[in-house]
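Close look at the chain arrangement
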Amino acid sequence: MRTRGAPYFLVLPAWIWLAIFFVVPIVGMLSVSLMTGNVIDGFTMTWHFATYADAVTQYWPQILRSLWYGLCATAVCILLGYPIAYWIAFRGGSHKSTYLLLLLLPFFVAQVLRTISWKFILADNGVILGSLKAVGLLPDGAHVLSTSAAVVFGLAYNFLPFMVLPIYAVLERVDHRVVEAAHDLYAGRFQAFVRVVLPMSLPGVFAGVLMVFVPTSSDYISASVLGGTHNTMIGNVIQSQYLVNNAYPMAAAITFILMAILLVGIFSYARALGTEQVMEVQAK
Amino acid sequence: MSVGTSTGPAADTAPARRERRRTDWGKWFTWVVMAWLFLPIAGMIAFSFNDISGRQNVTWQGFTLKWYGDAFAYRDLNTALFNTVAIGLLTMLIAGVVGSLLGLAIGRYRFRGQGVTNLVMFAAISAPEVVMGASLLSLFLTMNISAGFVTILIAHVMFTISFVAITVRARVITLDPKLEEAARDLGAGPWTTFRLVTFPMLLPAIMAGGLLALALSVDDFIITSFVSGDTTTFPLWIWGATRVGIPPQVNVMGTLIFTVGVLLAVINVVVARRNRNPR
């Protein structure tokens, strides 16, 4: 009796907290998106599905742009993150944990502050562009800020460790003897990597894609600070609809569209791979 | 093994051994990217010593320590910093306890609702922050709860519980059940076994989970901005200040927080090294 009740006793606080403050709000948001009204008179449930149509017709450029920026940032993170994860896992020796820690240390400084720091560094007359212009390597009118490249740069910068850690977790568990076996079977260095190590590391890459693509495509800090007015993402739209315009049904509808797009992808992938495996990779 | 470079056994046992001929491109690559990661922080630290007048902290004007002496000149910034620290510590405590219990349960037992629990945890980790923030705002609005310190705390605990739980769960599943059996054979009851055997072995994971919760809470901007009402935290204050110019005190506090982070990390490494030795 005692042991049978024990797990429920242990999970109950978490269940209550997550149910009230995670599950219920998301269901509630869905219902708000179908209401009409305004802040002063209150909102009433009218099953107004047209809000969704309005949201898509008005904001499809931002939705597509967010997904595109998220994809680009994720690609950059794979290109930068995989070699680092690989090097730490295979060549890090006894300093592995120190390297991982170094990778995480910048996160003690708030993301907002780091992004603003980049804004100063990348400014038209800042340390980098200013000096390049001074020596004549760049024309006077050159700029980085307020471009889509700056937004992708900021996103990739902020979320790189979320790509490195899952890939590292998988590579770290790759048995070195498997690679040696590949060499014994006359696989070259490149072949051993492509046909042995790479396939084994794919769950980590998938977990990393998840950890990077979802937050980058819904982030609005980088777009606000580095992107100027022409590169707003769907996160910016949601933020201003909620906190500036108080247009809650519209805001809820856009939020739900974003979540639907992302979660359909995530859950189909998680089903294919198993959520436990993905979470395990993240826990390492 | 070392696919990137040589394949001899020496490379495995002595990674520090210098390479003959071949350049270790992986090493160079890693260090260059690391430098990239630290560049804005170096900028922040440098500008915390910048001798400027006013709030336009963009160009280098000369070295000064006066902002460190004057670190607490902005009263609302102090309040924001206090809120961040208080919410961070409370989050660490509450999410640490609730998440550890959850992690213990899913790592140790099979129970009804486990699949749903895993699914919700997974969703809570991978849901976009705007979605969590916006839906909580909707909840607080419809329930007429005024946003502030408490709602921020509720939100932070909500999104950190799962991170603590998976950290603890990873440790629970690697524990040797024989140790607990041995304790029971020696006459310990379930509570005594937990207190003297299980809990001490879980403690590093619980601490790691708690620190993770603290770091996530202190760093969070997006969710906080939705549920904060008139209450500000350090990131929110910086965000608000970007329009009027960020005072050098922000760089000072950022540098101090970073230094505390470095110290925590160093302590963590030292403790981990020491714990590893007896085995």
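Residues numbered from 1 in each chain as written. Chains lettered and ligands numbered in written order. Predicted model: local features only at pLDDT ≥ 70, side-chain atom pairs only at ≥ 80, totals over all residues. Heavy atoms only, no water.

Our working definition: UniProt positions are given in the numbering used here, feature names are shortened, and annotations may be inferred rather than shown by experiment.
Within an unreviewed UniProt entry, the label attached to chain B reads Spermidine/putrescine transport system permease protein, and the organism entered is Spinactinospora alkalitolerans. Taken directly from UniProt, the Subcellular location (unreviewed entry) text for chain B runs: "Cell membrane".

Under an unreviewed UniProt entry, chain A has the name Spermidine/putrescine transport system permease protein and belongs to Spinactinospora alkalitolerans. The Sequence similarities (unreviewed entry) field of the UniProt record for chain A holds the comment "Belongs to the binding-protein-dependent transport system permease family. CysTW subfamily." Of chain A, the UniProt comment under Subcellular location (unreviewed entry) reads exactly: "Cell membrane".

1. Some thoughts on the overall build of chain A
Applicable threshold: Each helix is a run of H or I in the DSSP string that is no shorter than four residues. Each strand is a run of E no shorter than two, and both are numbered from the N terminus. Partly exposed describes any residue whose relative accessible area lies between the buried limit of under 20% and the exposed limit of over 50%, with all areas from a 1.4 Å probe on protein chains only and scaled to the type maximum. Only heavy atoms enter the contact rule, under which two residues are in contact if any of them lie within 4.5 Å. To measure how exposed things are, a 1.4 Å probe is used in the Shrake-Rupley method; for residues, cover is taken only from the protein chains shown.
Along the backbone of chain A there are 12 helices and two strands. Tracing chain A from N to C terminus, the helices and strands come up as α-β-β-α-α-α-α-α-α-α-α-α-α-α. Expressed as a percentage of its 284 residues, the buried residues of chain A come to 52%. For chain A, long-range pairs separated by at least 24 residues make up 70% of all intrachain contacts whose partners lie at least 6 apart in sequence. A total of about 12800 Å² of accessible surface is found on chain A, and carbon and sulfur atoms cover 69% of it.

2. With respect to the UniProt feature "domain: ABC transmembrane type-1" (unreviewed entry) in chain B
Mapped onto the present numbering, the UniProt feature "domain: ABC transmembrane type-1" (unreviewed entry) falls on residues 81-268 of chain B. Structurally, residues 81-268 of chain B comprises 81% helix and 0% strand, and the distance from its first C-alpha atom to its last is 24 Å.

3. Quick word on the pattern of salt bridges
Stated precisely, the cut-off is as follows: What counts as a salt bridge is simple: a side-chain nitrogen of Lys or Arg found within 4 Å of a carboxyl oxygen of Asp or Glu.
Per the counting criterion, the structure on display carries six salt bridges over all chains. Between A:R177 and A:D175 there is a salt bridge, and its shortest N-O distance comes to 2.9 Å. Look at A:D175 and you get partly exposed, because its relative accessible area is 31%. A salt bridge links B:E180 to B:R108, with the shortest nitrogen-to-oxygen separation between them at 3.0 Å. Taken together, the residues B:E180 in helix α8 (residues 177-185) and B:R108 in helix α4 (residues 75-108) connect sequence positions 72 residues apart.

4. Section: a nonpolar patch on the surface
We apply this condition: Residues form patches when they are more than 30% accessible in relative terms and have no salt bridge. Like charges link within 9 Å. Nonpolar side chains (Val, Leu, Ile, Met, Phe, Trp, Tyr) link within 5 Å.
The grouping of A:L12, A:I16 and A:I20 at the surface amounts to a nonpolar patch, some 250 Å² of accessible area in total. With respect to the secondary-structure elements, A:I20 resides in helix α1 (residues 2-32).

5. Considering unusual backbone geometry
All names here are of chain A. A positive phi angle, close to 65 degrees, is found at S146, a residue other than glycine. Looking at where S146 falls in the secondary structure, it is placed in the loop between α5 (127-134) and α6 (148-172). The phi dihedral of N246 falls on the positive side, at around 55 degrees, and the residue is not glycine. Locating N246 in the fold gives a position in the loop between α10 (234-243) and α11 (248-273).

6. Some words on the UniProt feature "transmembrane region" (unreviewed entry) in chain A
As recorded in UniProt, the feature "transmembrane region" (unreviewed entry) lies at residues 12-35, 67-88, 100-121, 141-171, 192-214 and 250-270 of chain A. Structurally, residues 12-35 of chain A is divided into 88% helix and 4% strand, and its ends, taken at the C-alpha atoms, are 33 Å apart.

7. Let's talk about the nonpolar core
Quick note on the threshold: By nonpolar core we mean a set of buried residues, namely Ala, Val, Leu, Ile, Met, Phe, Trp, Tyr and Cys, connected to one another through side-chain atoms within 4.5 Å.
A:F22, A:L171, A:Y242, B:M158 and B:F226 are the most contacted members of the largest nonpolar core, which totals 148 residues. Aside from chain neighbours lying at most four places away, what touches A:L171 is A:Y82, A:A85, A:Y86, A:A89, A:F90, A:V197 and A:S201. Residues A:C72, A:A73, A:V151 and A:M233 belong to the second largest nonpolar core, which totals eight residues.

8. Notes on the packing of helix α4 (residues 111-121) of chain A against α6(A)
Residues and elements named next belong to chain A. Applied cut-off: Only C-alpha atoms enter the line fits that serve as axes; for helices the fit covers just the stretch in contact. Angles between N-to-C directions range over 0 to 180 degrees. Angle categories: roughly parallel below 35 degrees, roughly antiparallel above 145, roughly perpendicular from 65 to 115, and oblique for all the rest. For any pair of crossing helices, the crossing counts as left-handed if the nearer helix is rotated counterclockwise from the farther one by less than a right angle, and right-handed if it is rotated clockwise. Residues were grouped as follows: Ala, Val, Leu, Ile, Met, Phe, Trp, Tyr, Cys and Pro as nonpolar; Asp, Glu, Lys and Arg as charged; and all remaining residues, including Gly, as polar.
Between α4 and α6, the least distance of the axes is 11 Å, while the angle of their chain directions is 140 degrees. If you check the angle between α4 and α6, you find them oblique. At the point where α4 passes α6, the crossing takes the right-handed sense. Residues Q111, R114, T115 and W118 of α4 pack against F153, Y157, N158 and F159 of α6. Residues of the contact of α4 with α6, tallied by class, amount to four nonpolar, three polar and one charged.

9. Some details on helix α2 (residues 50-91) of chain A
So the rule is basically this: A residue's bend is simply the angle between two axes: one fitted to the seven residues ending at it, one to the seven starting at it.
The largest bend in α2(A) is about 70 degrees, located at A:Y59, with the proline A:P61 one to four residues further on. Where α2(A) terminates, the next one or two residues include A:G93, which has phi positive at roughly 60 degrees.

10. Brief notes about α10(A)
Within an α-helix, residues lying three or four positions from one another point in the same direction, as the helix has 3.6 residues per turn. Across the 10 residues of α10(A), eight count as buried, placing the element largely inside the fold. Listing the buried residues of α10(A) in full gives A:I234, A:G235, A:N236, A:V237, A:I238, A:Q239, A:Q241 and A:Y242.

11. A closer look at the side chain of B:E180
All names here are of chain B. What counts is decided by this rule: What qualifies as a polar contact is a pair of N or O atoms within 3.5 Å, subject to a donor-acceptor requirement within protein and to the restriction that residues adjacent in sequence count only when both atoms come from side chains.
Judged by relative accessible area, E180 falls into the buried class, the value being 8%. Here the side chain of E180 touches R108 through a polar contact of 3.0 Å, side chain to side chain. With residues up to four places along the chain from it excluded, the contact list for E180 reads R108, T193, V197 and T198.

12. What to know about the environment of A:I257
Residue and element names in this part refer to chain A. The residue I257 is located in helix α11 in this model. You can call I257 buried: its relative accessible area is 14%. C-alpha of I257 to C-alpha of A55: the two residues are 202 residues apart in sequence and 8.6 Å apart in space. Setting aside chain neighbours within four positions, we find I257 in contact with Y52, A55, V56 and I63.

13. Some thoughts on the packing of aromatic side chains
What counts is decided by this rule: Aromatic pairing here means that ring centres of Phe, Tyr or Trp (its six-membered ring) are within 6.5 Å. Orientation follows from the plane angle: under 30 degrees is stacked, over 60 is edge-to-face, and everything else is tilted.
As enumerated under the stated definition, the model contains 26 aromatic pairs over all chains in all. Plain terms: the ring middles of A:Y86 and A:F193 are 5.6 Å apart, the flat faces sit at 80 degrees to each other, and that makes the pair edge-to-face. Here A:Y86 is found in helix α2, whereas its partner A:F193 is found in helix α8 (residues 189-218), with 107 residues between them in sequence. By the burial criterion, A:Y86 is buried, and A:F193 matches it. On the basis of an interplanar angle of 40 degrees and a centroid distance of 4.7 Å, the ring pair of B:F221 and B:W239 is categorised as tilted.

14. Here's the deal with the UniProt feature "transmembrane region" (unreviewed entry) in chain B
All names here are of chain B. The sites that UniProt annotates as "transmembrane region" (unreviewed entry) are residues 28-49, 85-107, 119-141, 147-168, 196-218 and 252-271. Secondary structure over residues 28-49 splits into 91% helix and 0% strand, and the C-alpha atoms at its two ends are 30 Å apart. What you have in residues 196-218 is 100% helix and 0% strand, and the ends, taken at the C-alpha atoms, are 33 Å apart.

15. Details of the interface of chain A and chain B
Short version of the rule: For any pair of parts, buried area is found by adding up, for both, the accessible area (1.4 Å probe) each one loses once the two are put together.
Each side of the interface is counted separately: chain A has 92 residues, and chain B has 91 residues. Summing the contributions of chain A and of chain B, the shared interface buries around 8600 Å²; its carbon and sulfur component is 77%. Taken together, the links from chain A to chain B amount to one salt bridge. Where B:D24 meets A:R91, a salt bridge forms, and the shortest distance between an N and an O atom there is 3.8 Å. Linking chain A to chain B there are nine residue pairs in polar contact (both at pLDDT 80 or more). Broken down by element, the side of chain A that touches chain B gets its largest block of residues, 21 residues, from α1(A). When its residues are assigned to classes, the side of chain A that touches chain B shows 68 nonpolar, 15 polar and nine charged.

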